[in-house]
Amino acid sequence: CPTHANCHIQCGWEGQQADTACASRDIIWPVNGTGTIQCEGKQACDNVNFPHPPANEDYILDCDYQQECYQADIYCPDNARCDINCDATWACQGATIDCSDSIDCNISCIGAGSCLDTNIIWSDNGQNTLTCHQPPFYDHDG
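The structure reproduced in this document is the subject of the present report. (Residues numbered from 1 in each chain as written. Predicted model: local features only at pLDDT ≥ 70, side-chain atom pairs only at ≥ 80, totals over all residues. Heavy atoms only, no water.)

## Considering the overall build of the protein
Thinking step 1. A tally of helices and strands in the protein yields zero helices and nine strands.
Thinking step 2. Burial analysis of the protein (142 residues in total) assigns 43% to the buried set.
Thinking step 3. At a minimum sequence separation of 6, the contacts of the protein that also span at least 24 residues come to 39%.
Thinking step 4. Put simply, the protein shows about 7700 Å² of open surface, and 44% of that area lies on carbon and sulfur atoms. (Helix = DSSP H or I, 4+ residues; strand = E, 2+ residues; numbered from the N terminus. Buried < 20%, exposed > 50% of the residue type's maximum accessible area, 1.4 Å probe, protein only. Contact = heavy atoms within 4.5 Å. Areas by Shrake-Rupley, 256 points an atom, 1.4 Å probe, with all protein chains shown as cover.)

What follows is the structure in structure tokens.
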């Protein structure tokens with residue numbers, strides 16, 4: 001991304017999955033500008049460092065494909081609401097979600113293993129919510 005301009009990265013496109021489109025990419029986000037990323041597909045943003053969202057603006061991130069945000073570094077905005085939805089199998093497994101400066105941080109883990117081994121850094125000053133509804137894993141061997 002350019003150092004002094006806004007940058008939007010598309011990993012897949014609306015309605016078209018692009019599995020592993022941006023997986024393990026080393027993205028250098030703008031120093032003076034806003035970075036955004038949109039992920040569409042299984043493992044599309046696997047092991048990606050997400051940009052820091054603008055301070056004072058509410059932020060919503062939907063990780064709704066299998067392993068879409070697996071081992072990603074996800075940041076919530078300073079002084080704003082943050083909603084992270086991990087709504088697929090292993091969607092946010094092994095991710096780090098940093099809510100340390102958000103005023104409201106809401107994390108939803110819906111899906112088998114969706115937040116397995118996820119590290120969440122909570123704010124001491126805000127209202128934090130973690131919702132987990134994970135169907136059981138089934139032993140297919142018997």
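## Examining the state of the cysteines
Thinking step 1. Within the structure shown, the criterion is met by five disulfides.
Thinking step 2. With a sulfur-sulfur separation of 2.0 Å, Cys63 is cross-linked through a disulfide to Cys69. Between Cys63 and Cys69, the disulfide has an S-S torsion of -85 degrees and is therefore left-handed. The pair formed by Cys63 and Cys69 is uniform in burial state, with each residue classed as buried. (Disulfide = S-S within 2.5 Å.)

## Here we look at the sheet that holds strand S8 (residues 119-121)
Thinking step 1. With parallel pairing, the three strands of this open sheet are ordered in space as S4-S6-S8. Looking at which strands have only one partner, the edges of the open sheet turn out to be strand S4 (73-75) and S8. Averaged over all neighbouring strand pairs, the angle between strand axes comes to 10 degrees, with direction disregarded.
Thinking step 2. Alignment of S4 against strand S6 (residues 96-98), held across three bridges, turns out to be parallel. Across the sheet, Ile74 pairs through a bridge with Ile97, a residue of S6. (Pairing = 2+ DSSP bridges. Axes fitted to C-alpha atoms, helices over the stretch in contact; angles between N-to-C directions.)

## Comments concerning the side chain of Gln67
Thinking step 1. Looking at the element boundaries, Gln67 is found in the loop between strand S3 (59-63) and S4.
Thinking step 2. Discounting residues that sit within four places of it in the chain, Gln67 has contacts with Gln43, Asp46, Thr89, Trp90, Ala91 and Gln93.

## Describing the side chain of Thr118
Thinking step 1. Residue placement: Thr118 occurs in the loop between strand S7 (104-110) and S8.
Thinking step 2. Among the polar contacts listed, one links the side chain of Thr118 to the backbone oxygen of Cys115, at a separation of 3.1 Å. (Polar contact = N/O pair within 3.5 Å; in protein donor to acceptor, adjacent residues only side chain to side chain.)

## A word on the nonpolar core
Thinking step 1. Counting 33 residues, the largest nonpolar core has Ile9, Ile37, Phe50, Ile74, Ile84 and Ile107 as the members making the most contacts within it.
Thinking step 2. Within the residue set of this core, elements represented by two or more residues are strand S1 (7-11), strand S2 (35-39), S3, strand S5 (81-86) and S7.
Thinking step 3. What Ile107 contacts, discounting residues up to four positions off in sequence, is Ile84, Ile97, Cys99, Ile120, Trp122, Thr129, Leu130 and Thr131. (Core = buried A, V, L, I, M, F, W, Y, C linked by side-chain atoms within 4.5 Å.)

## What about the pattern of salt bridges?
Thinking step 1. Scanning the entire structure with this criterion turns up one salt bridge.
Thinking step 2. One salt bridge in this structure joins Arg81 and Asp83, with 3.1 Å as the shortest N-O distance.
Thinking step 3. The exposure class assigned to Asp83 is buried, which follows from its relative accessible area of 15%. (Salt bridge = Lys/Arg side-chain N within 4 Å of Asp/Glu carboxyl O.)

## With respect to the pairing of S7
Thinking step 1. Across the seven residues of S7, five count as buried, placing the element largely inside the fold.
Thinking step 2. In this sheet, S7 lies alongside S5 in parallel orientation, the contact comprising six bridges. Looking at S7, one finds that Cys86 is bridged to Cys109.
Thinking step 3. The sheet contact formed by S7 and strand S9 (residues 127-133) spans seven bridges and is parallel. Across the sheet, residue Ser108 finds its bridge partner in S9, namely Thr131.

Any link to function would need more than the numbers given here.
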